[in-house]
Amino acid sequence: MGSAKNKASASRKARIEEMRRAEQARERRNRILTITASAVIVGGLVAGGAYLISTQSDDSSNSSSSNSQKGKFVAGKDGVRTWSTKLSQTHVNGDVDYPMNPPVGGDHNQVWMNCDGDVYTEEIKKVNAVHSLEHGAVWVTYNGKASDADVKALADKVEKTPYSLMSPVEDQKDPIMLSAWGKQRTVTSASDPNVNKFFETYVQGEQTPEKGAACTGGLDK
C-alpha cells in the first residue's frame, strides 16, 4: 500500500516537474517573441524616422533658394530673347535663385502677384511675379537708371492693360526690361515701338503655360 502511494506521489511530482519545465519553456519562448517584436518595432520606428527626415529633406530642397533650371537666352532677330529649355513650374516655399534676372519662368510660389494692370512702386518677390508670368502676364521692370517720364508712361500703359504688372528691379542689367514666360527684351524708352509689339504678342500669348488663369485674387503688396 505504502509502495503504491509512493509511486503515485513520485508520478505526480514528475508530472508537476514536467509541467513546470513546459511553463518555463513557454516563458522563454514568450520572452524571445517579445524581444523580437520589440526589435522589429524599434527598427520600424528608426526606419520611419529616417524616411521622414529624408522626406523633409526632399521637401526642403524643393523649398530652397537653389534652382536646377538649365538653359540660356537665345536672341531672335526681333530683339526678343527666348529661354532655350523648357521652364519648370514647380510650386516651392521660399526664394529661388533664378539663372536670369528678371526671371522669365521656373519654380515659383503657389501665390501669384496680382497682374490686372497692377503697378507696384516697391520691389516684389520674384517667386510670385513668375507665377503671374505663368498665367500669361507681361512684367515691366525698371531700375534707377530709367527716367521718371518713362516710368510714368509705362505705368500708365500697364494700368490700362489686363494681364500686366510693373515693379522696380534695381539689380537688373538694363534700365527698362519686358518679361513674359520664357521671353524677355530690353527697350530704350517707354516710346520704343517694341513696347507695344511685346505687349501685343505676349499678353496672354502662345507662350503662356496656363492661359486664362486668374490675374486677380493673388498677392497685392
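Here goes a summary of the coordinates provided. Since this is a predicted model, take the numbers as computed values, not measurements.

### What about the pairing of strand β6 (residues 176–180)?
Along any regular strand the residues' side chains alternate between the sheet's two faces. In terms of burial, β6 is largely enclosed, as five of its five residues are buried. With burial as the criterion, each face of β6 is covered, one bearing I176, L178 and A180 and the other bearing M177 and S179. Alignment of strand β4 (residues 138–142) against β6, held across four bridges, turns out to be antiparallel. Considered in β6, the bridge of Y142 is made with I176. Sheet analysis places β6 next to strand β7 (residues 183–186), joined by four bridges and oriented antiparallel. Among the inter-strand pairings, M177 is bridged to a residue of β7, identified as T186. What sits between the antiparallel neighbours β6 and β7 is a turn of two residues, in which G182 has the positive phi angle 75 degrees.

### So, the packing of aromatic side chains
This model, assessed by the stated rule, comprises two aromatic pairs. With a centroid separation of 4.7 Å and 55 degrees between ring planes, the pair formed by F198 and Y202 is classed as tilted. In this pair, F198 and Y202 both sit in helix α4 (residues 193–202), four residues apart, roughly one turn of the helix. Neither F198 nor Y202 differs from the other in exposure class; each is buried. One residue, R81, lies across the ring of F73, its end atom 5.6 Å from the ring centre. Its end group placed over the ring of F199, K157 keeps NZ or CZ at 4.9 Å from the ring centre.

### Some remarks on the state of the cysteines
All told, the structure shown has one disulfide when counted by the stated rule. Disulfide pairing places C115 opposite C215 at an S-S distance of 1.6 Å. Measuring handedness by torsion sign, the sulfur bridge of C115 and C215 sits at about -90 degrees and is left-handed. Of this pair, C115 sits in the loop between β2 (81–83) and β3 (116–119) while C215 sits in the segment after α4, placing them 100 residues apart in sequence. Each member of the pair C115 and C215 is classed as buried.

### Points about the sheet that holds β3
Read from one edge to the other, the open sheet built from seven strands follows the order β1-β2-β7-β6-β4-β5-β3, with strand pairing classed as mixed. Two strands bound the open sheet, and with one partner strand each, they are β1 (73–75) and β3. Recorded for the sheet is a direction-independent mean angle of 20 degrees between the axes of neighbouring strands. Relative to the sheet, α4 contacts β4, β5 (164–168), β6 and β7, its axis offset from that of β6 by approximately 10 degrees.

The rules we used
- Here the residue numbering is sequential within each chain, running from 1 through the sequence in written order.
- Whole-chain, interface and lining totals are the exception, using all residues; otherwise, since this is a predicted model, local features are given only for residues with pLDDT of at least 70 and side-chain atom pairs are given and counted only at 80 or more.
- Hydrogens and water are ignored here; the side-chain numbers use all heavy atoms of the structure.
- Note on exposure labels: buried denotes an accessible area under 20% of the residue type's maximum, exposed denotes more than 50%, and partly exposed covers the range between, all computed with a 1.4 Å probe on protein chains only.
- In DSSP terms, a helix is any run of H or I states spanning at least four residues, a strand is any run of E spanning at least two, and both are numbered starting from the N terminus.
- Two strands pair if DSSP finds at least two bridges between them.
- Only Phe, Tyr and Trp rings take part, Trp by its six-membered ring, and two of them pair if their centres are within 6.5 Å. Stacked means planes under 30 degrees apart, edge-to-face means over 60, and tilted covers everything else.
- Whether a charge sits over a ring comes down to the Lys NZ or Arg CZ being within 6 Å of the ring centre and within 35 degrees of the ring normal.
- When two cysteine sulfur atoms are found within 2.5 Å, that pair is recorded as a disulfide.
- A fitted line through C-alpha atoms serves as each axis, taken over the contacting stretch for helices, and the angle formed by two N-to-C directions is quoted from 0 to 180°.
- The criterion used for residue contact is that any of the two residues' heavy atoms lie within 4.5 Å.

Structural measurements only, silent on function.
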